[in-house]
Amino acid sequence: MVSQELYLCYHGLLLPNIAHNEESLNFFETFKFRDDDILAVTYPKSGTTWMQEMIPLLLNGGDLTPVESVPNWDRVPWLEETRIAHVVDKLSSPRAMVTHMPLNLMPPAFFSSKAKVIYIARNPKDVLVSSYYFHQMASFLDDPGTFEEFTDKFLAGQVLFGKWTEHVKSWKNADLGDRILYITYEELIQDLRGVLQRMLGFLGRELSDDVLNQVTEHCLFKNMKQNKMSNYSLVPSDIMDSNKSPFLRKGIAGDWKNHFSPELEAKFNAVIREEIEGTGIRFPWDEE
Ligand code: A3P
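Figured I'd write up the structure that's included with this text. Everything numeric here is computed off the predicted structure, so don't read it as measured data.

**Some remarks on the overall build of the protein chain**
Then step 1. Counting its secondary structure elements, the protein chain contains 14 helices and six strands.
Then step 2. Here the protein chain has a C-alpha radius of gyration of 18 Å; the compact-globule value for 288 residues is 19 Å, and the two agree.
Then step 3. When its C-alpha atoms are laid out on the principal axes, the protein chain stretches across 50 × 45 × 40 Å.
Then step 4. Split into buried and exposed, the 288 residues of the protein chain put 56% on the buried side.
Then step 5. Contacts in the protein chain between residues at least 24 apart in sequence constitute 71% of all its contacts with a sequence separation of at least 6.

Here's what the structure looks like:
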């Protein structure tokens with residue numbers, strides 16, 4: 001069972017109390033979007049922190065100052081979290097923010113704005129693995145139990161921000177035209193520079209080859225892991241214990257293969273396939 005003390009329930013979704021409350025959700029619901037706002041949207045553990053690193057670099061000509069001096073949660077804040085109210089006025093235009101919300105819960109002002117969206121999807125089996133370790137290191141999340149038990153919770157949507165399939169379906173079916181760019185975590189792993197170039201085009205920005213090379217280098221896992229403004233080492237260890245599992249843990253695609261038995265994989269695939277069936281949504285990992 002989920003501890004009432006750890007989570008609040010928002011339209012059926014579990015949100016951790018440490019970062020959300022009625023006031024922050026009201027702030028989210030009444031948020032005044034600007035047409036030049038940029039929103040990175042993720043289901044948790046799909047590459048949010050990576051986006052919080054990349055977007056400011058792309059928007060600021062590759063200048064490392066923001067990513068080396070401002071913690072990721074203040075640099076590109078979550079729309080729905082308590083922190084945003086303290087930093088939103090300090091964000092320079094165009095403002096970059098992140099959200100884990102499904103499209104159907106986005107506030108009305110989002111739909112009437114021209115705010116741009118970058119949606120990042122990740123193989124749900126790797127999302128599950130990443131989340132499993134995150135639950136072990138974060139004291140504000142419930143004990144995940146065994147991997148098999150946590151898989152059941154994940155498939156039932158009894159985890160942060162509900163079902164992965166609902167999140168993906170909502171945003172992949174979004175009628176947002178050229179306001180939305182879809183990328184995957186796996187594409188970032190395979191060709192970071194190429195995806196950064198696509199993001200630049202989408203954001204209407206340019207960088208010289210040299211600067212783009214520097215940005216790419218900075219955003220590699222091994223380098224981001226050293227950035228204390230992004231690796232969550234600023235968070236006290238009684239809240240996030242990196243000795244149990246670092247936040248920037250492995251940073252690879254396919255770690256699920258080290259965790260799933262063939263039976264568990266078959267069960268997982270069957271549930272996900274059934275929930276995605278008929279939507280026309282395809283991902284590269286469907287072929288694995
Ligand atoms: P793993 O636990 O599989 O390592 P989020 O930021 O949405 O919570 O997602 C966290 C996941 O993104 C973690 O996955 C983390 O290591 C990974 N990640 C963050 N920055 C990354 C980078 N530069 N390269 C690869 N993976 C990265």
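There's more to say after this.
**A closer look at unusual backbone geometry**
Then step 1. Here the bond from Ser93 into Pro94 is cis, since omega is -5 degrees, no more than 30 degrees from zero.
Then step 2. Tracing the backbone shows Pro94 in the loop between helix H5 (84-87) and strand E4 (96-99).
Then step 3. Of note, the phi angle at Phe161 is positive, near 65 degrees, even though the residue is not glycine.
Then step 4. Its place among the elements puts Phe161 in the loop between helix H8 (147-156) and helix H9 (164-172).
Then step 5. The buried category is assigned to Phe161, whose relative accessible area is 4%.
Then step 6. Unusually for a residue other than glycine, Tyr232 sits at a positive phi of about 65 degrees.
Then step 7. Considering the arrangement of structural elements, one finds Tyr232 in the loop between helix H13 (221-224) and helix H14 (262-276).

**A few points about the layout of surface pockets**
Then step 1. Approximately 860 Å³ is the volume found for the largest pocket.
Then step 2. What lines the largest pocket is a set of 38 residues, among which Trp78, Phe134, Tyr232, Met240 and Phe247 lie closest to the centre.
Then step 3. For the lining of the largest pocket, the secondary structure elements donating two or more residues are helix H2 (48-59), helix H7 (124-137), helix H10 (185-190) and H13.
Then step 4. Looking at the lining of the largest pocket residue by residue, the classes come out as 23 nonpolar, nine polar and six charged.

**Re the pattern of salt bridges**
Then step 1. Applying the stated criterion across every chain yields a total of 12 salt bridges.
Then step 2. Residue Asp37 is joined to Arg95 by a salt bridge in which the shortest nitrogen-to-oxygen separation is 2.7 Å. Linking Asp37 in the loop between helix H1 (22-29) and strand E3 (38-42) with Arg95 in the loop between H5 and E4, this pair joins segments that are 58 residues apart in sequence. Arg95 matches Asp37 in its accessibility class, with the two residues each being buried.
Then step 3. Put simply, Asp209 and Arg193 hold a salt bridge, and the shortest N to O gap is 3.7 Å. Of this pair, Asp209 sits in helix H12 (residues 209-218) while Arg193 sits in helix H11 (residues 192-203), and the two are 16 residues apart along the sequence.
Then step 4. By relative accessible area, which is 24% here, Arg193 ends up partly exposed.

**Focus on the site of the ligand**
Then step 1. The environment of the ligand is formed by 19 residues, the closest being Thr48, Thr49, Ser130, Tyr185 and Lys250.
Then step 2. Cys219 places a polar main-chain atom, nitrogen or oxygen, 3.0 Å from a nitrogen atom of the ligand.
Then step 3. Gly251 is positioned with one of its backbone polar atoms (N or O) 2.8 Å from an oxygen atom of the ligand.
Then step 4. Within the complex, the protein chains bury 97% of what would otherwise be the 570 Å² of accessible surface of the ligand.
Then step 5. When residues of the shell around the ligand are traced back to their parent elements, those giving at least two are H2, H10 and H13.
Then step 6. Looking at the shell around the ligand element by element, the count peaks at three residues for H2.
Then step 7. Grouping the constituent residues of the shell around the ligand by class yields nine nonpolar, six polar and four charged.

**Observations regarding the sheet that holds E4**
Then step 1. Reading across from one edge, E4-E3-E5-E6 is the order of the four strands in this open sheet, with parallel pairing throughout. Each having just a single partner strand, E4 and strand E6 (180-184) make up the two edges of the open sheet. With strand direction ignored, the average angle separating the axes of adjacent strands in the sheet is 20 degrees.
Then step 2. Across five bridges, strand E5 (residues 116-121) lies against E6 in parallel orientation. Across the sheet, the residue bridging to Val117 is Ile180, located in E6.
Then step 3. Lying over the sheet, H2 contacts E3, E4, E5 and E6, oriented at roughly 160 degrees with respect to E3.

**Comments concerning the environment of Arg249**
Then step 1. Position of Arg249 relative to the elements: it lies in the loop between H13 and H14.
Then step 2. Along the primary structure Arg249 and Lys225 are separated by 24 residues, whereas in three dimensions their C-alpha atoms are 8.7 Å apart.
Then step 3. If we ignore the near neighbours within four places in the chain, the residues touching Arg249 are Val129, Ser130, Tyr133, Phe221, Lys225 and Asp255.
Then step 4. At 3.1 Å, the side chain of Arg249 and the side chain of Asp255 are in polar contact.

Calculation notes
- Residues numbered from 1 in each chain as written.
- Predicted model: local features only at pLDDT ≥ 70, side-chain atom pairs only at ≥ 80, totals over all residues.
- Heavy atoms only, no water.
- Helix = DSSP H or I, 4+ residues; strand = E, 2+ residues; numbered from the N terminus.
- Rg over C-alpha atoms; globule rule 2.2 N^0.38 Å.
- Buried < 20%, exposed > 50% of the residue type's maximum accessible area, 1.4 Å probe, protein only.
- Contact = heavy atoms within 4.5 Å.
- 1 Å grid on protein atoms, 1.4 Å probe; cavity = no way out; pocket = protein on both sides within 12 Å on 5 of 7 lines; lining within 4 Å.
- Points joined across faces, edges and corners; volume = space filled by probe spheres on them.
- Nonpolar A, V, L, I, M, F, W, Y, C, P; charged D, E, K, R; others polar.
- Salt bridge = Lys/Arg side-chain N within 4 Å of Asp/Glu carboxyl O.
- Near = heavy atom within 4 Å.
- Polar contact = N/O pair within 3.5 Å; in protein donor to acceptor, adjacent residues only side chain to side chain.
- Areas by Shrake-Rupley, 256 points an atom, 1.4 Å probe, with all protein chains shown as cover.
- Pairing = 2+ DSSP bridges.
- Axes fitted to C-alpha atoms, helices over the stretch in contact; angles between N-to-C directions.

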